[in-house]
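Chain by chain, the residues run as shown.
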Amino acid sequence: MALIAFTSDRLLANDIYITQSGNGLDLNITQDGENNSIGTPSTRASLDGANTDITIVQETDGASIGLSVDGNDTTMLVKQKCHNGSLCNSDAMDIDITGNNNSMELGQGYKITEASWLYDGVEHGGHNMALEINGANNDLRLSQRSQNNTSDHNMDVNIYSDGNDVHVMQEANQDKTLNLTINNDDNNVFVHQKKSNAHTATITLSGSYGTDLSLTQSSTSSAQSYSLTQNCQTIGGCSVSATQN
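The text that follows walks through the structure, step by step, so that each part is easy to find. Predicted, not measured: the structure shown is a model, and the values here were computed from it.

Regarding the overall build of the chain
- From N to C terminus, the chain includes 0 helices and 20 strands.
- Within the chain, buried positions represent 47% of all 245 residues.
- Residue pairs at least 24 apart in sequence account for 54% of intrachain contacts in the chain once pairs closer than 6 positions are excluded.
- Entry remark: accessible area of the chain is about 10400 Å², with carbon and sulfur atoms responsible for 45%.

As structure tokens, this is what we get:
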């Protein structure tokens with residue numbers, strides 16, 4: 001059963017609030033307008049059921065998402081892009097998942113790579129991403145990119161489960177801040193912060209075993225810093241590589 005509510009205003013455009021219960025949902029939403037949102041942090045869109053396939057594309061100046069998903073085998077692709085110059089600056093994602101076997105690609109201003117999204121028409125979205133996952137076996141690719149002098153990149157990721165492959169990229173202009181916590185073992189984590197202004201990463205990886213962390217901070221200006229808290233306890237686990245240049 002799905003309950004979908006659409007509200008609109010000729011000045012503010014679209015709000016979409018969804019409450020879905022049932023397995024096998026295929027959800028595809030595209031918003032292109034002003035001040036769009038799909039749920040909010042206080043009134044979240046809610047999807048309850050296994051085998052959920054979600055595609056959300058927001059190409060607008062007010063994009064925001066507040067979304068909760070409860071169920072195994074979630075596939076999610078979410079894009080936020082600003083193409084209206086100085087009118088943008090407010091892209092935000094607040095997403096939480098409860099369930100195992102999650103495959104997610106979340107991009108603000110894009111780059112992502114491998115299957116590639118790229119795009120940069122001089123992005124002006126304000127990149128803020130909050131992600132929480134409670135469930136094992138997660139394959140995540142998270143990306144923020146902006147070739148302008150007005151928008152920072154902020155990412156807060158918390159994962160409570162085993163078996164994670166996590167790829168984080170923050171690239172191009174302005175400050176980049178990452179807070180990543182993984183409370184479990186068997187992790188493969190790649191973090192890349194690149195180009196101008198300050199880079200800050202705070203990473204917590206618990207044990208037993210696992211870790212495999214590759215961190216690169218590459219800046220043409222300003223400071224680079226990271227803090228790593230790790231509890232692997234070895235036996236075939238650990239391995240940390242950190243590069244600053």
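Let's pick the thread back up.
Let's talk about the pattern of salt bridges
- Under the criterion given, the structure shown has 2 salt bridges.
- With its nearest N and O atoms 3.4 Å apart, the salt bridge here joins Asp94 to Arg44. Of this pair, Asp94 sits in strand β9 (residues 92-98) while Arg44 sits in the loop between β4 (37-38) and β5 (45-48), and the two are 50 residues apart along the sequence.
- Residue classification places Arg44 among the partly exposed positions, given a relative accessible area of 23%.
- The shortest N-O distance in the salt bridge between Asp96 and Arg44 comes to 2.9 Å. Of this pair, Asp96 sits in strand β9 while Arg44 sits in the loop between β4 and β5, placing them 52 residues apart in sequence.

Digging into the environment of Ala201
- Relative to the helices and strands, Ala201 is located in strand β17 (residues 199-205).
- What makes Ala201 buried here is its relative accessible area of 1%.
- Taking the C-alpha atoms as reference points, Ala201 and Gln224, 23 residues apart in sequence, are found 8.6 Å from one another.
- The residues contacting Ala201, other than those within four sequence positions of it, are Leu178, Gln193, Leu215, Gln217, Ser225, Tyr226 and Ser227.

Conventions and cut-offs
- Residues numbered from 1 in each chain as written.
- Predicted model: local features only at pLDDT ≥ 70, side-chain atom pairs only at ≥ 80, totals over all residues.
- Heavy atoms only, no water.
- Helix = DSSP H or I, 4+ residues; strand = E, 2+ residues; numbered from the N terminus.
- Buried < 20%, exposed > 50% of the residue type's maximum accessible area, 1.4 Å probe, protein only.
- Contact = heavy atoms within 4.5 Å.
- Areas by Shrake-Rupley, 256 points an atom, 1.4 Å probe, with all protein chains shown as cover.
- Salt bridge = Lys/Arg side-chain N within 4 Å of Asp/Glu carboxyl O.

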